[in-house]
Amino acid sequence: MLVDWVASLYQSVQATFVAHGWPLWVLAVLTAVLKVAGVLVWILLNVLFLIWLERKISGHVQNRPGPVYTGRFGLLQTLADALKVLLKEDVIPAGADRWVFVLAPLVAFVPSVMIWVVIPFSRGVQAQDLNIGILYVAALASFTVPSLLMAGWSSDNKWSLMGALRSAAQLISYEVPLILAELGVVVLAGSLRLSDIIAAQQRSVWFLFLQPVGFVVYFIAALAESNRTPFDLPEAESELVAGFNTEYSGFRWSIFFLTEYANLLGMASLAATLFLGGWSGPFLPPFVWFVIKTYFFVFLAMWIRWTLPRIRVDQLMDLGWKFLLPVALVNLVVTGVFVVL
Amino acid sequence: MALDTHSERRTETLEIPGSDLPRTEEMMVNMGPQHPSTHGVLRAVLTLDGERIVDVDSDVGYLHRCFEKICEQQNYPQIIPYTDRTDYLAGMTNELALVLTVEKAIGLEVPRRAQYIRTIMAELQRIHSHLIWFGTFALDMGATTPFLYSFRERETISDFFEEITGARMMYNYMRYGGVRNDITSEWVKKVQAFLKRFPENLQEYDDLFTGNPIVHARTQGIGKISAEQAIAYGASGPVLRATGVPYDIRRADPYLVYDELQFDIATASEGDVWARYQVRMQEMRQSVRMLEQLLAGVPEGEIMGKAPRIIKVPAGHYYGHVDSPRGEVGCYLVSTGERTPYRLHWRSPCFVHLQLLPLMAKGHLMADMVAIIGSIDIVMGEVDR
Amino acid sequence: MGVLKNVVNSVVGIAKGHKVTLKEMLRPTVTVMYPQERLDLPVGSRGIPVLLSDEQGNLLCTSCGVCERECPVQVIHIVSHRGEDKRKVLDEFDIDMSRCMFCGICAEVCAFGAIAMSDQYELDDFEQGDLIYHKDQLAAIGRTQRTPITNYGIKTEVGVLDQVRAGRASAAQTAAAPATSTPSSEGSRSE
Ligand code: SF4
Ligand code: SF4
């Protein structure tokens, strides 16, 4: 297996380092860089595929074929689009707050990559198995708010501002039920570490069955967190033109786009990890299971996106605070009582 | 109620939702003329308090093409293609408004077959136009898929139009005294086949969109107007009928063969976005019903009556109106007996309905504005003419 | 209880929508891949108006000028002179396709059936002047008539418009050749 091979390779390299008396921190830095590169490649490849998939799914839902010309089944369409976007003129509006405007996409993108540090791809394949894994993910998720606020504020555009304010309200309100839903899982597993959560699911059943309510809350909140229809208010096209990224174009816009899909992927893989037992599964290699489960959620999110209309901002708040939050709280309490008994 | 001044209009609004909420600094936003959901080039200047709409001022004229002035230089047959371009989503009914007025003025007889064909076209046009409305309305609400579905069916109707009239949108089909081309029996069969499966499609739209709780939440109680307000402002068509007033020119002042047809006037009582939505959905079903009766009984005969070679309308003032998919399209014609009209005024329902926008939108949220504009089914080509 | 009923209703409503989209997703697509596939236009579809000829290839047009007068946007331009036998001879017959609205009135008013709406509609060109179609070009398209006139329209050969356009380019080239002696393909396209 690849994993074992990598592990043995690491061991032999480490042995070489020790034998030659080279400082071990070099090795640590080297592995860190490799891990980051690996995660980046994984994200970029997946996002390329995801965008293609979204267009195909939306196409077929709407009785059209989606992209067909670039490459087989239009698979290279995203690549072509990315190229086009990169070649575009980089426009920064005259009234924009330059630095904030430039920084905003980066602030959005970096956390969406950092989430992948703790996601277990397969047995032992994980950039870093933090013991506060879920806490870390939750902390990173809250980074999206400042980035969107920055984008909306700095654009010097009223639509952007409105989009940014909407997103701030939305993301903050949905973080609460999201974390409460995750806590239900944590209570069951007794650990914040993602590998422990998977192990706990291997011992019993998928937490989807023990935490159905928590799962629904998590999924709705996660959709809201990743700004997808029906919760795509920050960029609500028909209302706010393009919301917070109205003034963005070219590669800055593409970074926002990338972030959106990276977040979707992160959300889906976390859902797979927390509720479907992550990489564990019979017959197929663990990594394949991980991909299948992740893409199951991705498909679900896309299916929902191309079916539902957009919810209104006050209804969004109502749903978050008046429905999801109490439900998540009750769920958590019931889970706690259940575990204690 | 006499002419409303702007200030009067403000005071007579229904109880403004959210008026008890704390106020913040107001912000002026230009919605349009380039905006994804102002249906063309409507510019609405919104005064917003947060997301809440304090005031709306609609600024029209971005699509003004001097339609009425051009008509003063064209002889009567030449005007027909221009009417297609006012409300470009319902060309047939616009043409009807013009030709019926002129026919009334010169007292032309129209053969029964032509009358049937005209009615068929007008009702097909209603479905055609309502399908676009349905799609764009769903699009405004953030659902992209219904748009594509409705356009799928609309394409079929466009094909029907193209086969007979030669064009998919700008038909130039009605003639003084009849219609341009005859329909064939194969065409009738094709349309009948379409009408058979169209209710299934409507059911699909209902499952996908009408029954969706998000749609209910976003349309019910939004953009409410009372029947009195609607009448005072001169609303017509689905906007008026959604307030519970069963006024339909097809019944109130029957033209063509509408008085021989069995159909219900679709109404709803609430006067909000949801009511207008339901009225239009019902109207499509009623149109199907009418079309079934019409297609079954198209009489044989001529399609053109004895029209003079050169159309001259006797001096005088004439008004003709039809119920277009959007409301009452009226043609006010002043003639001095020449080959060209002295003055032609076009009463366009969308222009009238646009005046209701502040009434409907005040106190609602930014997102509702989109739903409201969608629900009055605005076509800027008709507003600006 | 009311809340619960609400939730159940909402879920049912949303699930129904998803059933529809899933069903449609599995259905074949309805797209016609336009440049490769073309829909067969019904006869009578109004593309550009063209001039018709008789069997000998002579134009049917008698230069009566009715169409010129009746065209709502005045885009037909006719020049004629009296021939020896006092009959009008058509010198020029231009239609400015950039302003023609394909209304079909010209075809309707022609008492001689000399003009008909063709099924050619792909009028893209690089020069605005190229959109003014001249007598010979209109006649060339009209000579490829495949169907009798139905609803004032005819069907023509596929691709004839491209041929006409190519012919114009080469004609312009030969015309420009003696003057410039180095015919450039792009530069000679303008009038
Ligand atoms: S095309 Fe017909 S109407 Fe026009 S000038 Fe020729 S003969 Fe007259
Ligand atoms: S189709 Fe209409 S606009 Fe075009 S040349 Fe003929 S009459 Fe004029």
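**Some details on the overall build of chain B**
Moving on, step 1. The helix and strand inventory of chain B stands at 16 helices and eight strands.
Moving on, step 2. For 385 residues, the compact-globule estimate of 2.2 N^0.38 gives 21 Å, and the C-alpha radius of gyration of chain B, at 21 Å, lies within 12% of that figure.
Moving on, step 3. Each principal axis of the C-alpha distribution contributes one length, and for chain B these read about 70 × 50 × 35 Å.
Moving on, step 4. Of all 385 residues assigned to chain B, the portion counted as buried reaches 65%.
Moving on, step 5. Considering only intrachain contacts with a sequence separation of at least 6, the fraction spanning at least 24 residues in chain B is 73%.
Moving on, step 6. Of the roughly 13,200 Å² that chain B leaves accessible, carbon and sulfur atoms contribute 53%.
Moving on, step 7. For chain B, the centre of its 40 positive side-chain charges and the centre of its 51 negative side-chain charges are spaced 5 Å apart.

**Here's the deal with the site of ligand 1**
Moving on, step 1. Every residue lining ligand 1 is accounted for by Cys-61, Thr-62, Ser-63, Cys-64, Gly-65, Cys-67, Ile-78, Phe-93, Cys-110, Phe-112, Ala-114 and Ile-115 of chain C.
Moving on, step 2. Looking at the shell around ligand 1 residue by residue, the class counts come to nine nonpolar, three polar and no charged.

**Some remarks on empty space enclosed by the protein**
Residue and element names in this part refer to chain A.
Moving on, step 1. Tallying each qualifying case throughout the model produces three cavities of 30 Å³ or more.
Moving on, step 2. Space inside the largest cavity adds up to approximately 250 Å³.
Moving on, step 3. Lining the largest cavity are 21 residues, and of these Ile-115, Ala-141, Glu-225, Asn-263 and Met-267 lie nearest its centre.
Moving on, step 4. Tallied by class, the residues present in the lining of the largest cavity amount to 14 nonpolar, five polar and two charged.

**Topic: the domain arrangement of chain B**
Residues and elements named next belong to chain B.
Moving on, step 1. Structurally, chain B comprises domain 1 (27-59) and domain 2 (67-384).
Moving on, step 2. Here the C-alpha centre of domain 2 lies 27 Å away from the C-alpha centre of domain 1.
Moving on, step 3. Opposite the 17 residues of domain 1 that make contact, domain 2 presents 19 residues.
Moving on, step 4. Summing both partners gives a buried area of about 1,600 Å² for domain 1 against domain 2, and 68% of it is carried by carbon and sulfur.
Moving on, step 5. Contact with domain 2 buries area across many residues of domain 1, yet His-39, Leu-42 and Ile-53 alone supply 38% of it, more than any other trio.
Moving on, step 6. Linking domain 1 to domain 2 there are one salt bridge.
Moving on, step 7. Here Asp-55 ties to Lys-362 by a salt bridge, and the two come within 4.0 Å at their closest N and O atoms.
Moving on, step 8. Looking at the side of domain 1 that touches domain 2, the elements with two or more residues in it are strand 2 (43-49) and strand 3 (52-59).
Moving on, step 9. It is strand 3 that provides the largest number of residues to the side of domain 1 that touches domain 2, a total of six residues.
Moving on, step 10. Here the side of domain 1 that touches domain 2 is built from residues that sort into nine nonpolar, five polar and three charged.

**Structural notes on the site of ligand 2**
Moving on, step 1. What surrounds ligand 2 is the set Cys-71, Pro-72, Val-73, Val-75, Ile-76, Cys-100, Met-101, Phe-102, Cys-103, Gly-104, Cys-106 and Met-117 of chain C.
Moving on, step 2. For the shell around ligand 2, the per-class residue count stands at 11 nonpolar, one polar and no charged.

**Quick notes on the sheet that holds strand 3 of chain B**
Moving on, step 1. Ordered by their spatial adjacency, three strands build an open sheet running 1-2-3 (chain B), and the pairing between neighbours is antiparallel. Sheet topology places strand 1 (26-31) and strand 3 of chain B at the edges, where each strand pairs with a single neighbour. Taken over all neighbouring pairs, the strand axes of this sheet differ in orientation by 20 degrees on average, direction set aside.
Moving on, step 2. Across six bridges, the pairing between strand 1 of chain B and strand 2 of chain B is antiparallel. Bridge pairing links Met-27 of chain B to Leu-48 of chain B in strand 2 of chain B.
Moving on, step 3. In this fold helix 7 (residues 158-189) of chain A packs onto strand 1 and strand 2 of chain B, with an angle of close to 115 degrees to the strand it touches most, strand 1 of chain B.

**Notes on the interface of chain C and chain B**
Moving on, step 1. Facing the 30 residues of chain C at the interface are 29 residues of chain B.
Moving on, step 2. Contact between chain C and chain B buries roughly 2,200 Å² in total, counting both sides, with carbon and sulfur atoms accounting for 48%.
Moving on, step 3. When residues of chain C are sorted by the area they lose upon contact with chain B, Arg-46, Met-101 and Asn-151 of chain C head the list and together hold 24% of the total.
Moving on, step 4. Counting the contacts that link chain C with chain B gives five salt bridges.
Moving on, step 5. Taking the shortest distance from any N to any O, the salt bridge between Arg-339 of chain B and Glu-70 of chain C comes out at 3.7 Å.
Moving on, step 6. Summed over the shared surface of chain C and chain B, the number is 17 residue pairs in polar contact (both at pLDDT 80 or more).
Moving on, step 7. Those elements giving two or more residues to the side of chain C that touches chain B turn out to be helix 1 (2-25), helix 2 (66-70) and helix 3 (105-109) of chain C.
Moving on, step 8. Of all the elements, helix 1 of chain C adds the most residues to the side of chain C that touches chain B, at nine residues.

**A short note on the interface of chain A and chain B**
Moving on, step 1. In this complex, chain A contributes 25 residues to the contact, which on the side of chain B involves 34 residues.
Moving on, step 2. In this assembly, chain A packs against chain B so that about 2,400 Å² is buried in total across both faces, 61% of it on carbon and sulfur atoms.
Moving on, step 3. For the interface between chain A and chain B, the tally reads one salt bridge.
Moving on, step 4. Put simply, Asp-368 of chain B and Arg-312 of chain A hold a salt bridge, and the shortest N to O gap is 2.8 Å.
Moving on, step 5. Between the two partners, chain A and chain B, sit nine residue pairs in polar contact (both at pLDDT 80 or more).
Moving on, step 6. Of all elements in the fold, only helix 7, helix 11 (237-240) and helix 14 (313-340) of chain A reach the threshold of two or more residues within the side of chain A that touches chain B.

**Focus on the packing of aromatic side chains**
Moving on, step 1. According to the stated counting rule, one finds 35 aromatic pairs over all chains in the structure shown.
Moving on, step 2. On the basis of an interplanar angle of 35 degrees and a centroid distance of 6.4 Å, the ring pair of Trp-42 of chain A and Phe-290 of chain A is categorised as tilted. With Trp-42 of chain A in helix 2 (residues 24-61) and Phe-290 of chain A in helix 13 (residues 286-305), this residue pair connects regions lying 248 residues apart in the sequence.
Moving on, step 3. For Trp-42 of chain A, a relative accessible area of 16% corresponds to the buried category.
Moving on, step 4. Ring plane angle 45 degrees and centroid distance 6.5 Å describe the contact between Tyr-319 of chain B and Tyr-332 of chain B, whose orientation is recorded as tilted. Of the two residues, Tyr-319 of chain B sits in strand 6 (residues 316-324) while Tyr-332 of chain B sits in strand 7 (residues 327-335), which places them 13 residues apart along the sequence.

**With respect to the sheet that holds strand 2 (residues 76-82) of chain C**
All names here are of chain C.
Moving on, step 1. Here three strands make up an open sheet; going across it, the order is 2-3-5 and the pairing antiparallel. The sheet is open, and its two edges are formed by strand 2 and strand 5 (132-133), each paired on a single side.
Moving on, step 2. Strand direction decides the pairing type here: strand 3 (residues 88-96) and strand 5, joined by two bridges, are antiparallel. Among the inter-strand pairings, Asp-96 is bridged to a residue of strand 5, identified as Ile-132.

**Regarding the confidence of the model for chain B**
Moving on, step 1. Within chain B, residue pLDDT values average 84, and 94% of them lie at 70 or more.
Moving on, step 2. Note on residues 1-13 of chain B: pLDDT is under 50 here. Beyond four places in sequence and across chains, it has 19 contacts.

**Some remarks on the environment of Ile-78 of chain C**
All names here are of chain C.
Moving on, step 1. The topology assignment puts Ile-78 in strand 2.
Moving on, step 2. With a relative accessible area of 14%, Ile-78 lands in the buried category.
Moving on, step 3. Considered as a pair, Ile-78 and Met-101 are 23 residues apart in the sequence and their alpha carbons are 18 Å apart.
Moving on, step 4. If we ignore the near neighbours within four places in the chain, the residues touching Ile-78 are Gly-65, Cys-67, Glu-68, Leu-90, Glu-92 and Phe-93.

The rules behind these values
- Residues numbered from 1 in each chain as written.
- Chains lettered and ligands numbered in written order.
- Predicted model: local features only at pLDDT ≥ 70, side-chain atom pairs only at ≥ 80, totals over all residues.
- Heavy atoms only, no water.
- Helix = DSSP H or I, 4+ residues; strand = E, 2+ residues; numbered from the N terminus.
- Rg over C-alpha atoms; globule rule 2.2 N^0.38 Å.
- Buried < 20%, exposed > 50% of the residue type's maximum accessible area, 1.4 Å probe, protein only.
- Contact = heavy atoms within 4.5 Å.
- Areas by Shrake-Rupley, 256 points an atom, 1.4 Å probe, with all protein chains shown as cover.
- Lys, Arg positive; Asp, Glu negative; His and termini not counted.
- Charge placed at Lys NZ, Arg CZ, Asp CG, Glu CD.
- Near = heavy atom within 4 Å.
- Nonpolar A, V, L, I, M, F, W, Y, C, P; charged D, E, K, R; others polar.
- 1 Å grid on protein atoms, 1.4 Å probe; cavity = no way out; pocket = protein on both sides within 12 Å on 5 of 7 lines; lining within 4 Å.
- Points joined across faces, edges and corners; volume = space filled by probe spheres on them.
- Domains from an automatic or database assignment.
- Buried area = accessible area lost by both parts, 1.4 Å probe.
- Salt bridge = Lys/Arg side-chain N within 4 Å of Asp/Glu carboxyl O.
- Pairing = 2+ DSSP bridges.
- Axes fitted to C-alpha atoms, helices over the stretch in contact; angles between N-to-C directions.
- Polar contact = N/O pair within 3.5 Å; in protein donor to acceptor, adjacent residues only side chain to side chain.
- Phe/Tyr/Trp six-rings, centres within 6.5 Å; stacked < 30°, edge-to-face > 60°.
- pLDDT = per-residue confidence, 0-100.

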